[in-house]
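# Tertiary structure, described
Below are the chains, spelled out letter by letter.
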Amino acid sequence: MTGIELALAGFALMLLAIFARVPIAVAMALTGFIGVWIVRGSPTAPLAQMKTLTFDTFSSYSLSIVPLFLLMGQFATKSGMSSALFKAAQDWLGHRKGGVAMAAVGACAGFGAVCGSSLATASTMGQVALPEMRKRGYSDSLSTGVLAAGGTLGILIPPSIILVIYAILAEQNIVKMFVAALLPGLLAALGYMLTVAIYVRVRPGAGNVAERVPYADRARSFISTFPVIFIFVIVMYGIAGDWDWSNPGPDALFTPTEGAAVGAVLTMIYGLYTRELDWQGIKDAILATAQATAMIFFIVFGAALFNSFLAITQAPQSLAEWVSTQGFGPYTVLMAMLLAYLVFGCVMDSLSMILLTIPIFFPIISVLDFGMTPEETAIWFGILALIVVEVGLITPPVGMNLFIINSMAKDIPMVRTYAGVTPFVASDLVRVVILVSFPAITLWLVGVMFPG
Amino acid sequence: MQIAVKAQERAGAGAAALARLLAYLGGAILVGLALMTVVSIVGRWINTGWVRSIAGDYELVEAGVGIAVFAFLPWCQLNRGHVTVDIFTNGLPARGRAFTALVGDILIAILAYVIMWRFYLGFGEKFPFFSDAWRDRLSMGFKPFFPETTYELEIPVWIPYGLALIGAVAFFLVALYTVWRSWNRFARGEAQ
């Protein structure tokens, strides 16, 4: 068998195993291990690699950002930030038609700025915003749909765990990826608010109007969100800003990992100061961080074995060469990839998808000519991939965000949640088209912050 | 046929206690690393007199996170936290789903064993002590000529490896327990 046939057979068998409910990390690790064994003719090489591969993977400095951001997000969920954000957003937006749902989007965006995970954002904001919307007579569909969609802002707005993994796989600068994600993330929040506005006009019974809040109260509730804004600005500006004006070029205050550590400590201090974060909360935050960290690193380890198999078959390079000699239009290939993400997103989680596909897709994208520098193409493609894999979190049948929100309101049938989220999926797709057509939205801020 | 249900429940309590303890310890390491990093940044920023950044802070983060991740693995496995795609097996009857869960746990236990076994050998290559006779008995391989250390602080690498090995052993033990638990659930026809 040639390398590419072997890689294809391995990929197919691995997918079969995954669909038969074998844990994804195990399916990747075993396929990679057996694949290298077959190519090399003996298990010596993969066995020798395994002596240090686990510890080397788990103790990589670029990956150490992941558990620290998870810890920050967990402290944030347990420190009352969500209710402060929602209160402020509601004071400012509640008097509009469908305003409380818009406020939920705004609060999700704010929370996403300190939390890198969609599920944590959806569940935390759901606990605060769902009872409020139901109390005010918002329809079941709108109130669950908007929260499931809003939850994805957790990962679309930096910090974002998926972007960290993408940056490592594609060997890109994580700071530039975060900066690039900022405007598309804000665009996502605006798009969702606009969707709510259209929704309540098409279905007038779905949402209603709350009483207008005086500006003095609005100012007060806005000030109460300052700690969240402060933490976000310190973390983002600390890793991306220029702190030394005497030197040319950006001079950041700390590395992304250090930024995550600063964020975790500041969030913990905030929680302790407001007395929302007690001893039990710290223990729960640690256990939740432990579970999510182990899950992510185990998949990364499996993917490392699988990718060493792919690398020795040289299938990614052959595939990339094949695609470039076929003369497909670059945008046709890009669209095919984004569609593949949407289809796979219906059954798979976003992290596994990124780990499985980027080693194959990225070499192909790199050889195509989009009229940008290689780095710009990589950043732009990463943001597009991030958005389409996140759509998978809100598309049936396996949208994790839908399950999380629906489990908070057991009396709402799942089909209503499906119906409610559909307009937001449409808004996601419109945004993908906009970002594909105008790469400048993604790349402009990177160019401003990192000139040259 | 179920195997020793009472003993399985007792073992389960033990596995949970072990996994939780390790998760807390790993979490304590993580919080400690975050605090140390903040202190180090402040020190680097002021950078006068005795207020400086902490030497080797990156190394400590790397080693600490490596140890913490190993310590987190048992807790994740005990809670069935590893990601699976359930959509195509959801249509199976309860016993069928219990069977897929059992297969998954067996495969994880095998992988956990390979990880532990290979990592132990990796540890042996860094561990510069014991006579050759003892190393043979413990199948630790050849004694390294010099103990490998980290770059800046010159910490012998066998120390973080050894601490992480505790997590790897616990991961294997907990994975074995989950196979037992899955078998009994399968025998009862209880989906998981």
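Basis of the calculations
Residues numbered from 1 in each chain as written. Chains lettered and ligands numbered in written order. Predicted model: local features only at pLDDT ≥ 70, side-chain atom pairs only at ≥ 80, totals over all residues. Heavy atoms only, no water. Helix = DSSP H or I, 4+ residues; strand = E, 2+ residues; numbered from the N terminus. Buried < 20%, exposed > 50% of the residue type's maximum accessible area, 1.4 Å probe, protein only. Contact = heavy atoms within 4.5 Å. Buried area = accessible area lost by both parts, 1.4 Å probe. Salt bridge = Lys/Arg side-chain N within 4 Å of Asp/Glu carboxyl O. Polar contact = N/O pair within 3.5 Å; in protein donor to acceptor, adjacent residues only side chain to side chain.

## As for unusual backbone geometry
Among all residues except glycine, the phi angle is most often negative; among peptide bonds, the trans geometry is most common. A cis amide bond links A:Pro158 to the next residue, A:Pro159, at an omega of 0°. The residue A:Pro159 is located in the loop between helix 9 (153-156) and helix 10 (161-169) in this model. Geometrically, the link from A:Pro396 to A:Pro397 is a cis peptide bond, its omega value of 0° lying close to zero. Looking at where A:Pro397 falls in the secondary structure, it is placed in the loop between helix 19 (374-391) and helix 20 (400-408). Positive phi values are uncommon outside glycine, yet B:Glu154 reaches one of about 55°. Checked against the element boundaries, B:Glu154 lands in the loop between helix 4 (132-137) and helix 5 (158-188).

## Overview of the environment of A:Met372
Residues and elements named next belong to chain A. If you trace the backbone, Met-372 turns up in the loop between helix 18 (350-367) and helix 19. Residue classification places Met-372 among the buried positions, given a relative accessible area of 18%. When the C-alpha positions of Met-372 and Leu-445 are compared, they lie 15 Å apart, and in sequence the two are 73 residues distant. In this structure Met-372 touches Thr-377, Trp-380, Pro-439 and Leu-443, once residues within four positions along its chain are discounted.

## With respect to the interface of chain A and chain B
Each partner contributes to the interface: chain A provides 54 residues, whereas chain B provides 59 residues. By the criterion of area lost to chain B, the three top residues of chain A are A:Arg21, A:Lys51 and A:Phe55, representing 17% of everything that side buries. At the junction of chain A and chain B, the tally comes to 3 salt bridges. The closest approach of N and O atoms between B:Arg44 and A:Glu258, which form a salt bridge, is 3.1 Å. Linking chain A with chain B are 11 residue pairs in polar contact (both at pLDDT 80 or more). Element by element, the count of residues in the side of chain A that touches chain B is highest for helix 15 (residues 279-313) of chain A, at 13 residues.

## Considerations on the environment of A:Gly371
Following the sequence through the fold, A:Gly371 ends up in the loop between helix 18 and helix 19. Look at A:Gly371 and you get exposed, because its relative accessible area is 69%.

## Structural notes on the pattern of salt bridges
All names here are of chain A. As enumerated under the stated definition, the model contains 17 salt bridges over all chains in all. Between Lys-87 and Asp-91 there is a salt bridge, and its shortest N-O distance comes to 2.9 Å. Of the two residues, Lys-87 and Asp-91 both sit in helix 5 (residues 81-93), 4 residues apart, roughly one turn of that helix. Given the relative accessible area of 44%, Lys-87 is considered partly exposed. Of the charged contacts in the structure, one is a salt bridge between Asp-428 and Arg-431, with a shortest N-O distance of 2.9 Å. In this pair, Asp-428 and Arg-431 are both assigned in helix 21 (residues 414-437), 3 residues apart and thus about one turn of the helix distant. Residue Asp-428 shares its accessibility class with Arg-431, and that shared class is buried. Because the salt bridges share partners, they merge into one network encompassing Glu-132, Lys-135, Arg-136 and Glu-211.

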